[in-house]
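Commentary on secondary and tertiary structure
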Amino acid sequence: MGLVGVQENGKGEIALSLGNKSKYKRMDSELSDEFDDKASNHYNELERKKSIRKYVLACAIFASLNNVLLGYDVGVMSGAIIFIQEDLKISEVQEEVLVGILSIISLLGSLAGGRTSDIIGRKWTIAFAAVIFQIGAAIMTFAPSFQILMIGRVLAGVGIGFGVMIAPVYIAEISPTVDRGSLTSFPEIFINLGILLGYVSNYAFSGLSVHINWRVMLAVGILPSVFIGFALFIIPESPRWLVMQNRVEDARSVLLKTNENENDVDERLSEIVAAAGMSNGEKNEEKAVWRELLSPSPPLRQMLITGFGIQCFQQITGIDATVYYSPEIFKEAGIENNSKLLAATVAVGVTKTAFILIATFLVDRVGRKPLLYVSTIGMTVCLLTLSLTLGFLGHGQLGIALAVLCVCGNVAFFSVGMGPICWILTSEIFPLRLRAQASALGAVGNRVCSGLVAMSFLSLSRTITVGGTFFLFALLSALSVLFAYKCVPETKGKSLEQIELLFENHNEWPGSEVEMGDSEHLVRKA
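Throughout this description, residue numbers start from 1 for each chain and increase along the sequence as written. Since the coordinates come from a predicted model, pLDDT governs what is reported: local features require at least 70, and pairs of side-chain atoms require 80 or more to be given and counted, while whole-chain, interface and lining totals use all residues. Hydrogens and waters are ignored; side-chain quantities use all the structure's heavy atoms.

Section: the pattern of salt bridges
The condition that has to hold: Salt bridge, as used here: a side-chain nitrogen of Lys or Arg that lies within 4 Å of a carboxyl oxygen of Asp or Glu. Only DSSP runs of H or I covering at least 4 residues are called helices, and only runs of E covering at least 2 are called strands; the numbering of each starts at the N terminus. With a 1.4 Å probe rolled over the protein chains alone, any residue whose accessible area is under 20% of its type maximum counts as buried; one over 50% counts as exposed, and the rest are partly exposed.
Tallied over the full model, the rule gives eight salt bridges. Arginine 368 is the salt-bridge partner of glutamate 428, the closest N and O atoms lying 3.2 Å from each other. Within this pair, whereas glutamate 428 is found in helix 19 (residues 397–428), its partner arginine 368 is found in helix 18 (residues 368–392), the two being separated by 60 residues in sequence. Residue classification places glutamate 428 among the buried positions, given a relative accessible area of 0%.

Below is the structure:
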């Protein structure tokens with residue numbers, strides 16, 4: 001009876017062997033299922049990470065749209081001013097004021113932006129900035145006189161001030177540590193993209209009548225801010241601002257959406273809560289932020305020197321003068337035709353945009369400080385060469401070629417380091433409770449220096465020549481190399497909360513070995 005199951009074979013041991021084989025099959029099946037589960041989990045984890053990276057990338061892009069407006073205004077005004085001067089018959093002084101007033105007025109937006117973003121949030125401050133700029137741009141488009149044009153320019157400047165200040169802060173606060181440098185450089189990318197679009201707009205619409213072309217050029221600048229309305233349905237509020245509002249669970253939800261490793265979320269949330277001066281979800285007694293900024297502790301004083309200083313150096317080395325007045329520079333070199341002047345400025349815009357993309361790729365791989373050295377040294381060489389070219393080579397073909405090359409080289413070196421790193425550092429070095437206000441203070445320094453340079457360039461170049469003016473910029477650029485060495489720490493690979501620790505031992509930075517040791521210690525601790 002026991003051999004019924006194997007009658008066909010006639011041997012019991014074969015039946016036993018078959019039974020064992022069946023057993024092995026079941027074990028193989030279990031192993032296979034386990035392997036499939038692991039593979040499926042691994043695949044799902046990879047998909048989740050890809051989805052989070054895309055989401056954070058989208059947030060950084062939408063938050064940076066306001067910076068297109070600043071770049072577009074800088075680029076388009078360099079060409080539009082030629083036709084505004086012809087249409088409205090404005091003087092050279094009025095031209096300087098019109099060009100430079102935006103930077104000066106934008107400091108009002110930057111000053112107000114810090115407090116506003118602490119009250120209504122980072123996200124809605126981005127939206128508020130777009131609305132103010134749209135109103136200003138619309139007034140400029142239909143301005144019948146210089147006075148009305150100035151009113152629109154003032155409003156546009158306030159809107160730009162809000163946008164320039166808040167975008168890097170917002171992106172730094174939502175970005176994972178490993179990608180923060182690249183993502184925080186997005187505002188500078190979009191400034192450069194805006195400059196390029198402004199140059200292209202100049203070239204594209206220059207053929208229209210003088211009464212119409214500059215109005216169309218300025219009107220096109222309204223379009224980027226329209227997309228910010230759509231962005232509000234996509235981007236979340238900053239988790240660090242939510243913690244400051246005692247909305248800890250909302251902050252945790254945002255961190256889950258923006259951090260690839262779920263296990264790090266609670267640790268990051270604890271760091272943010274501690275940095276915000278909170279315990280068990282309750283706010284401590286609120287500190288007077290401006291009082292602390294005006295009477296800073298030694299670490300905070302060093303943060304302010306670093307943040308405010310690099311913002312000022314970004315502008316006093318003459319980048320806005322180079323961009324705003326590139327047609328004037330090329331005219332000084334010997335190019336006389338308006339179309340050729342505007343075509344040369346397009347080359348400047350393309351160069352500036354291309355090299356900011358290179359910086360985005362390198363900033364989290366190479367680090368902030370090495371790029372800053374390359375940038376400041378390269379700018380110094382280009383500015384000095386441009387000064388000598390304009391001063392001694394005259395209007396020949398060699399002089400024109402060298403002038404175009406030096407201007408393109410200057411904006412290239414600027415874009416690969418000083419341009420983006422300025423905003424990256426300012427958004428990441430300050431403590432959470434002070435970040436918005438201190439970043440606003442840095443942006444004010446940036447805008448004041450930009451306005452002073454833009455408003456004085458023509459007068460200064462008439463006094464000491466264009467070549468002499470760029471020699472002055474070269475000297476200031478050389479000083480920026482020393483500033484980078486003495487006052488800027490390496491922040492690559494550190495969380496925002498860890499960066500605060502660097503400023504406790506800031507006297508040891510130039511020692512290099514100690515600084516690198518601190519960096520490695522902090523990275524291991526992370």
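Focus: the environment of glycine 163
Let me state the cut-off plainly: Here, residues are in contact when the closest pair of their heavy atoms is within 4.5 Å.
If you trace the backbone, glycine 163 turns up in helix 5 (residues 146–174). Judged by its relative accessible area of 1%, glycine 163 is buried. Residues glycine 163 and glycine 113, spaced 50 residues apart in sequence, show a C-alpha to C-alpha distance of 8.1 Å. Once you skip the residues sitting within four places of it in the chain, glycine 163 turns out to touch Asn66, Asn67 and Ala129.

Some words on the confidence of the model for the protein chain
Where we set the bar: Looking at any residue, its pLDDT shows the predictor's confidence there, from 0 to 100.
Summary statistics for the protein chain give a mean pLDDT of 79 and a share of 85% for residues scoring 70 or more. Across the protein chain, element-level confidence peaks in helix 18 with a mean pLDDT of 93 and bottoms out in helix 22 (residues 513–525) with 37. Considering only residues more than four positions removed or in separate chains, one finds that residues 1–25, a stretch of pLDDT under 50, has six contacts. Note on residues 510–526: pLDDT is under 50 here. Beyond four places in sequence and across chains, it has 22 contacts.

Considering the environment of leucine 269
Secondary-structure assignment places leucine 269 in helix 12 (residues 263–275). Under the relative-accessibility criterion, leucine 269 is labelled buried at 8%. With 20 residues separating them along the chain, leucine 269 and glutamate 249 place their C-alpha atoms 9.5 Å apart. Excluding its chain neighbours within four sequence positions, the residues that come into contact with leucine 269 are Val243, Val248, Ala251, Arg252 and Leu255.

Some words on empty space enclosed by the protein
What counts here: Two kinds of site are reported from a 1 Å grid over the protein atoms alone, namely cavities, where a 1.4 Å probe fits but cannot get out, and pockets, open sets with protein on both sides within 12 Å along at least five of seven lines, and residues are called lining when an atom falls within 4 Å of a point. Grid points are joined across faces, edges and corners, and a volume is the space filled by probe spheres set on the points. Residues are grouped as follows: Ala, Val, Leu, Ile, Met, Phe, Trp, Tyr, Cys and Pro are nonpolar; Asp, Glu, Lys and Arg are charged; every other residue, Gly included, is polar.
What the rule picks out here adds up to five cavities of 30 Å³ or more. By volume, the largest cavity amounts to about 120 Å³. Taken together, 15 residues form the lining of the largest cavity, with Glu188, Ile191, Gln315, Asp320 and Arg447 sitting closest to its centre. Looking at the lining of the largest cavity, the elements that each hand over two or more residues are helix 2 (65–88), helix 7 (186–205), helix 14 (298–316), helix 15 (319–324), helix 19 and helix 20 (432–487). Here the second largest cavity defines a volume of roughly 90 Å³. Contributing to the lining of the second largest cavity are 15 residues, with Ser175, Pro176, Thr177, Arg240 and Arg268 lying nearest its centre. Counting only elements with at least two residues in the lining of the second largest cavity, the list comes to helix 5, helix 11 (248–258) and helix 21 (496–502). Tallying contributions element by element places helix 5 first for the lining of the second largest cavity, with three residues. Looking at the lining of the second largest cavity, its residues break down into five nonpolar, five polar and five charged.

What about the packing of aromatic side chains?
How we decide: Aromatic pairing here means that ring centres of Phe, Tyr or Trp (its six-membered ring) are within 6.5 Å. Orientation follows from the plane angle: under 30 degrees is stacked, over 60 is edge-to-face, and everything else is tilted.
Within the structure shown, the criterion is met by five aromatic pairs. Between phenylalanine 470 and phenylalanine 473 the ring centres are 5.5 Å apart and the planes differ by 80 degrees, which places this aromatic pair in the edge-to-face class. In this pair, phenylalanine 470 and phenylalanine 473 both sit in helix 20, three residues apart, roughly one turn of the helix. A relative accessible area of 0% places phenylalanine 470 in the buried class. Look at phenylalanine 473 and you get buried, because its relative accessible area is 5%. Three or more aromatic residues joined by ring pairs make a cluster, and in this case those are Phe457, Phe470 and Phe473.

Here's the deal with the environment of isoleucine 358
Positionally, isoleucine 358 belongs in helix 17 (residues 338–362). Since its relative accessible area comes to 37%, isoleucine 358 is described here as partly exposed. Separated by 57 residues in the primary sequence, isoleucine 358 and serine 415 have C-alpha atoms spaced 8.6 Å apart.

Things to note about the nonpolar core
Inclusion rule: Remark: nonpolar core denotes a set of buried residues (Ala, Val, Leu, Ile, Met, Phe, Trp, Tyr, Cys) joined through side-chain atoms within 4.5 Å.
Judged by nonpolar contacts, the single largest core of 124 residues is most densely connected at Ile84, Leu149, Phe457 and Phe470. Aside from chain neighbours lying at most four places away, what touches isoleucine 84 is Met77, Lys89, Ile90, Leu98, Leu149 and Trp214. Judged by nonpolar contacts, the second largest core, of 13 residues, contains Val243, Met244, Val248 and Val265.

Some thoughts on the state of the cysteines
Working definition of a disulfide: a covalent bond connecting the sulfur atoms of two cysteines. What counts is decided by this rule: Put simply, a disulfide is two cysteine sulfurs that come within 2.5 Å.
Under the definition given, this model contains zero disulfides. For cysteine 408, which is in no disulfide, the shortest distance to another cysteine sulfur is to cysteine 406 and amounts to 9.5 Å.

Some details on unusual backbone geometry
Phi angles above zero are rare outside glycine, and asparagine 246 is one such case at about 65 degrees. Structurally, the position occupied by asparagine 246 is in the loop between helix 10 (239–244) and helix 11. Classification of asparagine 246 by relative accessible area gives partly exposed; the value is 33%. Of note in the backbone geometry, threonine 465 takes a positive phi value of approximately 75 degrees without being a glycine. Secondary-structure assignment places threonine 465 in helix 20.

Observations regarding a nonpolar patch on the surface
Selection criterion: Like charges are joined within 9 Å and nonpolar side chains (Val, Leu, Ile, Met, Phe, Trp, Tyr) within 5 Å, but only among residues with over 30% relative accessible area and no salt bridge; these make up the patches. Areas reported as accessible are Shrake-Rupley estimates using a 1.4 Å probe. Residue values count occlusion only from the protein chains shown.
A cluster of nonpolar side chains, Leu384, Leu388, Phe392, Ile464, Phe471, Leu472 and Leu475, forms an exposed patch at the surface whose accessible area comes to about 650 Å². Those elements that provide at least two residues to the nonpolar patch are helix 18 and helix 20. Sorting elements by how many residues they give to the nonpolar patch places helix 20 first, with four residues. Examined against the element boundaries, isoleucine 464 turns out to sit in helix 20.

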